[in-house]
Amino acid sequence: MKKSLFIVLLFAFTSAFFSCSSTPKEIPEMTSQELIQNGQTNYEAGNYKAALVWYETAIERFSDWPNVYIEARYEIGHVYMKQKKYTKAQAVFNEIIEIYKNSTPGSLPAAYKKLAEIELAKIK
């Protein structure tokens, strides 16, 4: 119980520390989900530059994990949509859809393909 409480408090502190308004300079070792969660926290706070850093770090550190790549790329496209950088967003969402076309059915989470299609429809 004490160990799990410590982990929860450590995660909360790390999230609070790194979700401040500045862009993180050094990112400690974290799971892919912690990196993506920090990106989402910064996105929700309107700190899009920092959010992109968190998502790009997840991609860099977990480059061999297709599920992480897809999720982080989708989140990057979502940031571009919020910033009204539609050309960049469109490229990201098209890339995601292309990855699904070239992958084995069921090997990637289906939600991101559908979400990418929804976002693309908003651009066109």
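Everything that follows concerns the structure shown earlier in this document.
Caption draft 1: Highlighting the packing of helix α2 (residues 32-44) against helix α4 (residues 66-82). At a closest axis distance of 11 Å, the pairing of α2 and α4 adopts a crossing angle of 10 degrees. In terms of axis orientation, α2 runs roughly parallel to α4. Contact with α2, carried on its side by Ser32, Gln33, Ile36, Gln40 and Tyr43, involves Val68, Glu71, Ala72, Glu75, His78, Val79 and Lys82 of α4 and no other residues of that element. Of the residues that constitute the contact of α2 with α4, the class distribution is five nonpolar, four polar and three charged.

Caption draft 2: Looking closely at the side chain of Glu119. Position of Glu119 relative to the elements: it lies in helix α6 (residues 110-123). Look past the residues within four positions of Glu119 in its chain and what remains in contact with it is Tyr74, His78, Met81 and Phe93.

Caption draft 3: Main features of unusual backbone geometry. The backbone phi angle of Lys84 is positive, close to 65 degrees, even though this residue is not glycine. Within the secondary structure, Lys84 sits in the loop between α4 and α5 (86-101). Since its relative accessible area comes to 60%, Lys84 is described here as exposed.

Caption draft 4: Looking closely at helix α3 (residues 48-61). Compared with the 20 Å implied by 1.5 Å per residue over 14 residues, the 20 Å span of α3 between its first and last C-alpha is a close match. Along α3, the residues classified as buried are Tyr48, Ala50, Ala51, Leu52, Trp54, Tyr55, Thr57, Ala58 and Ile59.

Caption draft 5: Examining the environment of Lys114 more closely. Inspection of the secondary structure assignment puts Lys114 in helix α6. For Lys114, a relative accessible area of 52% puts it in the exposed group. Put simply, Lys114 and Ile96 are 18 residues apart on the chain and 9.9 Å apart in space, counted from C-alpha to C-alpha.

Caption draft 6: How the structure looks around the nonpolar core. Residues Leu35, Tyr55, Ile76, Val79, Phe93 and Ile96 are the most contacted members of the largest nonpolar core, which totals 31 residues. When residues of this core are traced back to their parent elements, those giving at least two are α2, α3, α4, α5 and α6. With eight residues, the single largest contributor to this core is α4. Residue contacts for Ile76: discarding those within four places in its chain leaves Leu52, Tyr55, Glu56, Ile59 and Val92.

Caption draft 7: View of the packing of aromatic side chains. With the rule as written, the count across this model stands at four aromatic pairs. For the pair Tyr43 and Tyr48, a centre-to-centre distance of 5.5 Å together with 50 degrees between the ring planes defines the contact as tilted. Here the aromatic rings of Tyr74 and Phe93 are separated by 5.7 Å at their centres, their planes lie at 45 degrees, and the arrangement is tilted. Placement of Tyr74 in helix α4 and of Phe93 in helix α5 is noted, with a sequence separation of 19 residues between them. A single burial state applies to Tyr74 and to Phe93, both of which are buried. An aromatic cluster is built from Tyr74, Phe93 and Tyr112, whose rings are joined through pairwise contacts.

Definitions and cut-offs
- Residues numbered from 1 in each chain as written.
- Predicted model: local features only at pLDDT ≥ 70, side-chain atom pairs only at ≥ 80, totals over all residues.
- Heavy atoms only, no water.
- Axes fitted to C-alpha atoms, helices over the stretch in contact; angles between N-to-C directions.
- Helix = DSSP H or I, 4+ residues; strand = E, 2+ residues; numbered from the N terminus.
- Parallel < 35°, antiparallel > 145°, perpendicular 65-115°, else oblique.
- Contact = heavy atoms within 4.5 Å.
- Nonpolar A, V, L, I, M, F, W, Y, C, P; charged D, E, K, R; others polar.
- Buried < 20%, exposed > 50% of the residue type's maximum accessible area, 1.4 Å probe, protein only.
- Expected span 1.5 Å × (residues − 1).
- Core = buried A, V, L, I, M, F, W, Y, C linked by side-chain atoms within 4.5 Å.
- Phe/Tyr/Trp six-rings, centres within 6.5 Å; stacked < 30°, edge-to-face > 60°.

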